Amino acid sequence: MDQSKKRAVQLQPDWYSPRRLHDSPTQYEFPGDRFIPNRSLMNLDQAHCLLTNKVKEVHKPNFGKGYRAMLRESLTLDSEGRPFRMLVFRGSPKSRRKWNYVIDDMRRDADAEVLSNGTKQHESRRLPTKEVKVLDAPKIKDDFYVNLMDWGRNNVLAVALGSALYLWNAENQEVKKLLEVQGDNDYPTSVAWSEKATTLAIGCMKSKLQIWDPETSKCIRSLGGHQSRIAAIAWNGHTLTTGSRDRSIINHDVRVGNSPTSRIKAHTEEVCGLKWSSEGNVLASGGNESSIYIWEASKMSSSNFLHRFNAHNQAAVKALAWCPYQFNVLASGGGTGDGCIKIWNIKKGTCTHSIETKAQICGLEWNRHHKEILSGHGYGNSGVQNHLCLWKYPSMTKVGEINRHERRVINLSQSPDGLTVVSAGGDETLRFWDIFGPPRVENSASDFENLLSLKTSLIR
């Protein structure tokens, strides 16, 4: 062996031992951390021409359509013919080219929506023409002041029928009788699941208040403090808040014995509506004297309220609902003498909207998937009554209404996924509506502008 070649071999490091890949004499894989090019595989003349000649174009092969089709198929399908997902956008800066396609598609969709007058045509939401299910509810109390139904997070609907309380499982359609109130002229007047749906609170006509375990069908706690009908119940963690015809609001800590943690007397007539905010720091209460009180959880006392609203024209306020996407917004509905839906800004203590419905408002439910609110109505003063009405928010324009109940809508409640609403009517029926629809997926103008900005300014 030549001495120079022998010397070069001896100077090679120990790890320098290339092995062949796929039996190709020109492809090698090195176990080290360096890539050593093979100059024999390079076309140095062509490379020099590309770097120095700025006028002369290099000849590009003219591939046929057949070859291009095979190349496209090999890049988009795997060996088994399934779609190859390598080009799916993942938010990585490497997929910058994909943004071009996404933005082009969005621009075409936006152009397709533009009318001749320059306005965009959005597909309007359609209300269902009929209910998806109807259940008989014999002996349900046709009383404006009671709250006889609640749909828990366990997908079980609790409803009071006469003196008995039943559980309807929405998953397997099974019905279970949980209890029957004993005593003359005594029956459930308010029902509420705990936040985790592990227990159920029941308030009765003659001031009885009990907490039941639905799994064992046993009463685990009896609480006192009220002197008359308990018309409203609201949970806030381990705090159970009740409102009564005796005009008082009582907070119970269910972790301890029968000892109310606070008692509030501010309403001058029956307390018929109670709702805790989603954060649990603010309580709204509605009374038969048309007043709405806003209470801070940390400062609750009879004289220490955050706001008092008296704008429902001497009508009872039973329907209360906190907005799920604006924590400081409360919706309230007035009784027969008022018939107005009012939207309140709790932070400022002002009424931002007031919509006259010309009918008694018995229940309000916010749509968690679209910016809408549903109202359930009773007696009306213009021939329109016993219906459901859907409103856009924040414009509060009417989307439509449904007239299927023959008597007043007593209560409203929605499923845990927020897609289905059940209405309890004085016509002794429970009607289920797929009224809130699937979660919204839309390409708004702001989203489109964000995509355009990302096209030129990648996040690294």
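Cut-offs used in this document
- Position numbers for residues count from 1 along each chain, tracking the sequence in the order it is written.
- It should be noted that, the model being predicted, local features are given only for residues of pLDDT at least 70 and side-chain atom pairs only at 80 or more, the latter also being counted only at that level, while totals for whole chains, interfaces and linings use all residues.
- For side-chain calculations, the full set of non-hydrogen atoms in the structure is used, while hydrogens and water are omitted.
- UniProt positions are given in the numbering used here, feature names are shortened, and annotations may be inferred rather than shown by experiment.
- A helix here means a DSSP run of H or I that spans at least four residues, while a strand means a run of E at least two residues long, and both kinds are numbered starting from the N terminus.
- Using a 1.4 Å probe on the protein chains alone, a residue whose accessible area is under 20% of its type maximum counts as buried, one over 50% counts as exposed, and one in between counts as partly exposed.
- Any two strands are treated as partners once DSSP identifies two or more bridges connecting them.
- Think of each axis as a best-fit line through the C-alpha atoms, taken over the contacting stretch in the case of a helix, with angles from 0 to 180 degrees between the N-to-C directions.
- Each residue carries a pLDDT score, the predictor's own confidence in it, on a scale running from 0 to 100.
- Should any heavy atoms of two residues lie within 4.5 Å, those residues are counted as being in contact.
- Cavities and pockets are defined on a 1 Å grid built over the protein atoms alone: a cavity is a set of grid points where a 1.4 Å probe fits but cannot escape, while a pocket is an open set with protein on both sides within 12 Å along at least five of seven lines, and lining residues are those with an atom within 4 Å of any such point.
- Grid points are joined across faces, edges and corners, and a volume is the space filled by probe spheres set on the points.
- For this classification, the nonpolar set comprises Ala, Val, Leu, Ile, Met, Phe, Trp, Tyr, Cys and Pro, the charged set comprises Asp, Glu, Lys and Arg, and every other residue, Gly included, is treated as polar.
- Within this document, salt bridges are pairs made up of a side-chain nitrogen of Lys or Arg and a carboxyl oxygen of Asp or Glu, the two lying within 4 Å of each other.
- Polar contacts, as counted here, are pairs of nitrogen or oxygen atoms within 3.5 Å of one another; within protein the pair requires one atom able to donate a hydrogen and one able to accept it, and residues that are adjacent in sequence qualify only if both atoms are side-chain atoms.
- Stacked, edge-to-face and tilted are the three classes for Phe, Tyr and Trp ring pairs, Trp counted by its six-membered ring, which pair at centre distances within 6.5 Å; planes under 30 degrees apart are stacked, over 60 edge-to-face, the rest tilted.
- Here, over-ring charges are defined by two tests on the NZ atom of lysine or the CZ atom of arginine: distance to the ring centre within 6 Å, and angle to the ring normal within 35 degrees.

The protein chain carries the name CDC20/Fizzy WD40 domain-containing protein in an unreviewed UniProt entry, which gives Salix udensis as its organism. Looking at the protein chain in UniProt, the text filed under Sequence similarities (unreviewed entry) is "Belongs to the WD repeat CDC20/Fizzy family."

**Student:** What is the right way to look at unusual backbone geometry in this model?
**Tutor:** Negative phi values dominate among residues other than glycine, just as trans dominates among peptide bonds. In this structure, proline 394 follows tyrosine 393 across a cis peptide bond, with omega equal to 10°. Considering the arrangement of structural elements, one finds proline 394 in the loop between strand S26 (388–392) and strand S27 (398–402). Its identity is not glycine, yet asparagine 185 carries a phi of approximately 55°, on the positive side. Residue placement: asparagine 185 occurs in the loop between strand S7 (175–180) and strand S8 (188–193). Looking at asparagine 185, the relative accessible area reads 57%, which means it is exposed. Positioned with a positive phi, alanine 197 is a non-glycine residue whose angle comes to about 60°. Structurally, the position occupied by alanine 197 is in the loop between S8 and strand S9 (200–204). Relative accessible area serves as the criterion here: at 6%, alanine 197 is assigned to the buried category.

**Student:** Just to check I follow, could you spell out the sheet that holds strand S15 (residues 262–264) for this structure?
**Tutor:** Whether parallel or antiparallel, the strands of a sheet pair through hydrogen bonds between backbone atoms. Taken together, the four strands give an open sheet; going across it, the order is S12-S13-S14-S15, and neighbouring strands pair in antiparallel fashion. Each having just a single partner strand, strand S12 (230–236) and S15 make up the two edges of the open sheet. Each neighbouring strand pair of the sheet contributes to a mean axis angle of 20°, computed without reference to strand direction. Sheet analysis places strand S13 (residues 239–244) next to strand S14 (residues 249–253), joined by five bridges and oriented antiparallel. The residue bridging threonine 242 from the neighbouring strand is isoleucine 250, located in S14.

**Student:** Can you help me understand the UniProt feature "repeat: WD" (unreviewed entry) in the protein chain in this one?
**Tutor:** UniProt records the feature "repeat: WD" (unreviewed entry) for residues 181–222, 264–305 and 402–435 in the present numbering. Secondary structure across residues 402–435 comprises 0% helix and 50% strand; the distance between its end C-alpha atoms is 10 Å.

**Student:** I tried to follow the confidence of the model for the protein chain on my own but got confused; where do I start?
**Tutor:** Looking at the protein chain, pLDDT values average 82 and 73% of them are 70 or higher. Scored below 50 in pLDDT, residues 5–30 shows 21 contacts in the model against residues more than four places distant or in partner chains. A low-confidence stretch, residues 92–99 stays under pLDDT 50, and its non-local contacts, those more than four residues away or across chains, total 14 contacts.

**Student:** Help me understand the layout of surface pockets in this model?
**Tutor:** By rolling a water-sized probe across the atoms, one finds the places where empty space is left. Its boundaries defined by the atoms lining it, the largest pocket holds a volume of some 1400 Å³. Asp150, Trp151, Lys275, Trp276 and Glu365 are the residues nearest the centre of the largest pocket, which is lined by 43 residues in total. If you list the elements that add at least two residues to the lining of the largest pocket, you get strand S4 (149–151), S8, S12, strand S16 (271–276), strand S20 (317–322), strand S24 (359–367) and strand S28 (409–414). The class makeup of the residues in the lining of the largest pocket is 23 nonpolar, 13 polar and seven charged.

**Student:** Would you mind going over the pattern of salt bridges with me for this structure?
**Tutor:** Oppositely charged side chains can pair when the atoms bearing their charge come close. All told, the structure shown has 12 salt bridges when counted by the stated rule. When the shortest N-O distance is used, the salt bridge between aspartate 253 and arginine 255 registers 3.0 Å. By relative accessible area, aspartate 253 is classed as buried at 13%. A salt bridge links lysine 398 to glutamate 401, with the nearest nitrogen and oxygen atoms 3.2 Å apart. Where salt bridges share partners, they join Glu131, Arg404, Asp427 and Arg431 into one cluster.

**Student:** Would you explain the side chain of histidine 377 in this entry?
**Tutor:** For histidine 377, the location among the structural elements is in strand S25 (residues 372–380). Within the structure, the side chain of histidine 377 is placed 3.4 Å from the backbone oxygen of glutamine 360, a separation counted as a polar contact. Polar side-chain contacts of histidine 377 include one of 2.7 Å to the side chain of serine 375. In this structure histidine 377 touches Thr357, Ala359, Gln360, Ile361, Cys362, Asn386, His387, Cys389, Arg408 and Val409, once residues within four positions along its chain are discounted.

**Student:** Which parts of the structure should I look at to understand the packing of aromatic side chains?
**Tutor:** Aromatic ring pairs are described here by two measures, namely the spacing of the ring centres and the angle between the planes. In total, this model carries 10 aromatic pairs according to the counting rule given. Here the aromatic rings of tryptophan 295 and phenylalanine 305 are separated by 6.0 Å at their centres, their planes lie at 85°, and the arrangement is edge-to-face. Taken together, the residues tryptophan 295 in strand S18 (residues 292–296) and phenylalanine 305 in the loop between S18 and strand S19 (307–309) connect sequence positions 10 residues apart. Note on tryptophan 295: relative accessible area 0%, which makes it buried. Among the residues examined, phenylalanine 305 registers a relative accessible area of 28% and is labelled partly exposed. Each member of the aromatic cluster is reached from another via a ring pair, and the members are Trp151, Trp168 and Phe432. The aromatic ring of tyrosine 187 is capped on one face by lysine 141, whose charged end is 4.3 Å from the ring centroid. One cation-aromatic arrangement involves lysine 318 over phenylalanine 144; the distance from NZ or CZ to the ring centre is 5.4 Å.

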